[in-house]
Amino acid sequence: MSEKRMLVVDADLVGKIDENRGELSRSEFIDLLIEGRLREREDGAKGGVEKGDVVTREEFHEFQEGAKELLRSFLDFFINYGLELGREPRDEDFEQLTRKLRTLARSHHD
């Protein structure tokens, strides 16, 4: 059996530990956190986290805009393809969707 010691910590910290430890004892939870943090440091020292593994806010925003543009192009293609085949939209919902998509496409190009 390992030797036991007492650690004095703020009551707020004990509250955070208890809220997050689940079925683990306080000691097990603290050990898990410390071991995880030490592994992160060790991996970082070995180059475990590559710069390419992290996405910046700007990169994510660019990805979102690219996905929106791809969706617009995709929808525009299928709407125009359907219209070129001579099938005029007869359904009111489809016509309304077509108008919204064209408005969206115009607002994007402005």
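Note that the structure is a prediction, hence the values are computed from the model and not measured. (Residues numbered from 1 in each chain as written. Predicted model: local features only at pLDDT ≥ 70, side-chain atom pairs only at ≥ 80, totals over all residues. Heavy atoms only, no water.)

Colleague: Residues and numbers for the environment of Arg5, please.
Modeller: Note on placement: Arg5 falls in the segment before helix H1 (11–20). There is a polar contact of 2.4 Å between the side chain of Arg5 and the side chain of Glu3. (Helix = DSSP H or I, 4+ residues; strand = E, 2+ residues; numbered from the N terminus. Polar contact = N/O pair within 3.5 Å; in protein donor to acceptor, adjacent residues only side chain to side chain.)

Colleague: Describe H1, and please don't skip the residues or the numbers.
Modeller: The buried count for H1 comes to one of ten residues, which makes it a mostly uncovered element. Directly beyond the C-terminal end of H1, a positive phi value near 60° is found at Gly22. (Buried < 20%, exposed > 50% of the residue type's maximum accessible area, 1.4 Å probe, protein only.)

Colleague: Residue-level account of the layout of surface pockets, with values.
Modeller: Quantified by volume, the largest pocket comes out at close to 210 Å³. For the largest pocket, the full set of lining residues is Arg5, Met6, Leu7, Val9, Val14, Ile17, Arg26 and Ile30. Elements with a minimum of two residues in the lining of the largest pocket: H1 and helix H2 (26–45). Residue classes in the lining of the largest pocket are distributed as six nonpolar, no polar and two charged. (1 Å grid on protein atoms, 1.4 Å probe; cavity = no way out; pocket = protein on both sides within 12 Å on 5 of 7 lines; lining within 4 Å. Points joined across faces, edges and corners; volume = space filled by probe spheres on them. Nonpolar A, V, L, I, M, F, W, Y, C, P; charged D, E, K, R; others polar.)

Colleague: Explain the confidence of the model for the protein to me, using residue names and the numbers behind them.
Modeller: Per-residue pLDDT for the protein averages 79, and the proportion of residues at 70 or more is 75%. Mean pLDDT values for the elements of the protein range from 71 in helix H4 (residues 92–109) up to 93 in H1. (pLDDT = per-residue confidence, 0-100.)

Colleague: Would you mind going over the environment of Glu28 in detail, with residue names and values included?
Modeller: Relative to the helices and strands, Glu28 resides in helix H2. Of the polar contacts made by the side chain of Glu28, one reaches the backbone nitrogen of Ser25; its length is 2.8 Å.

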